[in-house]
Amino acid sequence: MSKVIKHKWLHWTRVLPILAFAALIVSWIYHPTAALVLAVLTILLIGSIIASVHHAEVIAQKVGEPFGSLVLAVAVTVIEVGLILTLMASGKGSATLARDTVFAAVMITINGIMGLSLTVSAARHSTSRFSALGSGGALATVTALAGICLVLPRFTVSDPSPSYTPSQLAFAGVASLVLYGLFIAAQTGWHRSSFLPIDEDGMPIDTDDDSWTPTTAATLRSLGFLLIALVAVVGLAKILSPTIEAGVAAAGLPPGFVGVIIALVVLAPESLAAVRAARQNRVQVSLNLALGSAVASIGLTIPTLAVAMIWFPGEFYLGLGSTQIVLLVMSVLLAMLTIAPGRATRLQGGVHLVILAAYIFLAANP
């Protein structure tokens, strides 16, 4: 865990997000196309991702778990929703944009972040230990949200397309908010101890590092820089998307694969934070980030879009395709088997990563 930066306003964790945000504003106005400028924007994007992890850790150390994981998960999801709405308002988003973005987030978090965290932790500490009760509750929430919002629209008969009618969409939005509210209440209040890191005896650890607690002023500064960095990450990813699209087209990949790449970039801060926690044998923090991000991605996105569809006419498909449903079912079943014992090895982590690879491969070769 890095220390709070005192009186060093020119430290790179503060300078890079500001530079990236400034570059975002300039790029939004002038639309750069020069290869050198795009390379600089890519460097600023990567730097902002790393800086956001540092500031998220400062906040997490101040508020403690599981609130720290919640901060990063919600912040990234809110900006992700903003990106979807921006594309819809500009008319560039397809009817399946929201569905593909949310599904990519779920697959990356459940299989990618979770699998990588378990692999890293087990490689360093032989066996990964975590709370089966807390992680199981989070997985149950993800499963319910994914089933209501992404699977059922494929099988309803009121609308022949894989979408909800307005009343069905309204119900899905309300149900998503209820499930998200229940999850937050359990994670931060009712069963908070079930979402804390545990020791070798399975007892919750309420404090990660008593020797360092950032001041309130330092925490607020980090919160501001975190928001700046996250906006810069998502905004620069959007600006660089034409370059990514050109590369995807040159590689002969389907246009929808661009969404996978952008989702990987947007979730990079959470991925880095989760891996760092896993290296410190705080696997529960990693699972909080992974599953909490999946819950927030569906639980916040669908209600927001349900309201936004009042002003955005056009098709809005939520139902997954058959291949996507199979991948989702495999992911949920695998996650259940991984979480139930409360411990995992590199085998479980590796299997999750293989499922992620299968998803990415089939997105590239549908």
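On a predicted model such as this, the values are computed, not experimentally measured, just so you know. (Residues numbered from 1 in each chain as written. Predicted model: local features only at pLDDT ≥ 70, side-chain atom pairs only at ≥ 80, totals over all residues. Heavy atoms only, no water.)

K.L.:
Honestly, the overall build of the chain in this entry has me stumped. Any pointers?
P.N.:
Counting its regular elements, the chain contains 12 helices and 2 strands. Walking the chain from its N terminus toward its C terminus, one meets helices and strands in the order α-α-α-α-β-α-α-α-α-α-α-α-β-α. Considering the chain as a whole, with its 366 residues, one finds that 53% of them fall into the buried category. Long-range pairs, those at least 24 residues apart, make up 83% of the contacts in the chain with a sequence separation of at least 6. If you sum the accessible surface of the chain, you get close to 15,900 Å²; carbon and sulfur atoms cover 70% of it. (Helix = DSSP H or I, 4+ residues; strand = E, 2+ residues; numbered from the N terminus. Buried < 20%, exposed > 50% of the residue type's maximum accessible area, 1.4 Å probe, protein only. Contact = heavy atoms within 4.5 Å. Areas by Shrake-Rupley, 256 points an atom, 1.4 Å probe, with all protein chains shown as cover.)

K.L.:
Would you mind showing me how to read a nonpolar patch on the surface here?
P.N.:
Residues Phe21, Ile25, Val26, Trp28, Ile29, Tyr30 and Val231 make up a contiguous nonpolar surface patch of roughly 710 Å² in combined accessible area. At 6 residues, helix H1 (residues 12-30) tops the list of elements feeding residues into the nonpolar patch. By the secondary structure assignment, valine 231 is in helix H7 (residues 216-250). (Patch = residues over 30% accessible without salt bridge, like charges linked within 9 Å, V, L, I, M, F, W, Y side chains within 5 Å. Salt bridge = Lys/Arg side-chain N within 4 Å of Asp/Glu carboxyl O.)

K.L.:
What should I look at first to understand helix H9 (residues 268-279) in this one?
P.N.:
Within an α-helix, residues lying three or four positions from one another point in the same direction, as the helix has 3.6 residues per turn. For H9, built from 12 residues, the straight-helix expectation of 16 Å at 1.5 Å per residue is met to within 8% by its first-to-last C-alpha distance of 17 Å. A large share of H9 lies buried, amounting to 9 of its 12 residues. Taken together, the buried positions of H9 are occupied by Ala268, Pro269, Glu270, Ser271, Ala273, Ala274, Val275, Ala277 and Ala278. One or two residues past the end of H9 sits asparagine 281, with phi positive at roughly 65°. (Expected span 1.5 Å × (residues − 1).)

K.L.:
Help me understand the nonpolar core in this model?
P.N.:
If you look at soluble globular proteins, the nonpolar side chains tend to sit buried side by side. Membership of the largest hydrophobic core comes to 70 residues, with the highest contact counts inside it found for Ile298, Leu328 and Tyr359. Take this core: its biggest share by element is 13 residues, from helix H10 (residues 283-308). Excluding anything up to four places from it in sequence, isoleucine 298 contacts Val102, Val106, Val142, Leu145, Ala146, Cys149, Ser176 and Pro303. Core analysis: the second largest hydrophobic core is formed by 16 residues, Leu38, Leu41, Leu44 and Ala232 among them. (Core = buried A, V, L, I, M, F, W, Y, C linked by side-chain atoms within 4.5 Å.)

K.L.:
What's the story with the pattern of salt bridges in this structure? I'm lost.
P.N.:
Side chains that differ in charge, positive against negative, can pair when their charged atoms come close. Tallying each qualifying case throughout the model produces 1 salt bridge. Notably, a salt bridge pairs aspartate 100 with arginine 99, separated by 3.0 Å at the nearest N-O pair. Accessibility expressed as a relative area gives 26% for aspartate 100, which makes it partly exposed. In this structure arginine 99 comes out as buried when scored by relative accessible area, which is 12%.

K.L.:
It is not clear to me how the side chain of glutamine 284 should be interpreted in this structure. Could you clarify?
P.N.:
Its place among the elements puts glutamine 284 in helix H10. Residue glutamine 284 is classed as buried on the basis of its relative accessible area, which comes to 1%. At a separation of 3.2 Å, a polar atom in the side chain of glutamine 284 contacts the side chain of serine 135. (Polar contact = N/O pair within 3.5 Å; in protein donor to acceptor, adjacent residues only side chain to side chain.)

K.L.:
I tried to follow helix H11 (residues 322-339) on my own but got confused; where do I start?
P.N.:
Compared with an ideal rise of 1.5 Å per residue, which puts 18 residues at 26 Å, H11 spans 26 Å between its outermost C-alpha atoms and is within 8% of the ideal. What H11 keeps buried is the set Gln324, Ile325, Leu327, Leu328, Ser331, Val332, Leu334, Ala335, Thr338 and Ile339. Tucked inside the fold, the buried residues of H11 contact helix H4 (97-125), helix H5 (132-151), H10, strand E2 (343-344) and helix H12 (346-364).

K.L.:
What should I look at first to understand the confidence of the model for the chain in this one?
P.N.:
It should be kept in mind that the predicted coordinates are not to be read in detail where pLDDT is low. The share of residues in the chain with pLDDT of 70 or more is 83%, and the mean pLDDT across the chain is 78. Across residues 1-7, where pLDDT falls below 50, the model places 18 contacts with residues more than four positions away in sequence or in other chains. (pLDDT = per-residue confidence, 0-100.)

K.L.:
Can you help me understand the packing of H5 against H10 in this one?
P.N.:
The description of two packed helices rests on the angle between their axes and on the distance between the axes. Close contact between H5 and H10 brings their axes to 9 Å; oriented N to C, the two are set at 25°. Regarding the angle of H5 to H10, the classification is roughly parallel. Pair H5 / H10 crosses with left-handed handedness. Of the residues in H10, those in contact with Ser135, Ala138, Leu139, Thr141, Val142, Leu145, Ala146 and Cys149 of H5 are Gln284, Leu287, Leu291, Ala294, Val295, Ile298, Gly299 and Ile302. Counted by class, the contact of H5 with H10 contains 12 nonpolar, 4 polar and no charged residues. (Axes fitted to C-alpha atoms, helices over the stretch in contact; angles between N-to-C directions. Parallel < 35°, antiparallel > 145°, perpendicular 65-115°, else oblique. Left-handed = near helix turned anticlockwise from the far one by under 90°. Nonpolar A, V, L, I, M, F, W, Y, C, P; charged D, E, K, R; others polar.)

K.L.:
Even after reading the chapter, I still don't get the environment of valine 102, so can you show me in this structure?
P.N.:
The topology assignment puts valine 102 in helix H4. Expressed as a C-alpha distance, the spacing of valine 102 and alanine 294, which sit 192 residues apart in the sequence, is 8.3 Å. Sequence-distant contacts of valine 102, that is, excluding residues within four places in its chain, are made with Leu150, Ser297, Ile298 and Thr301.

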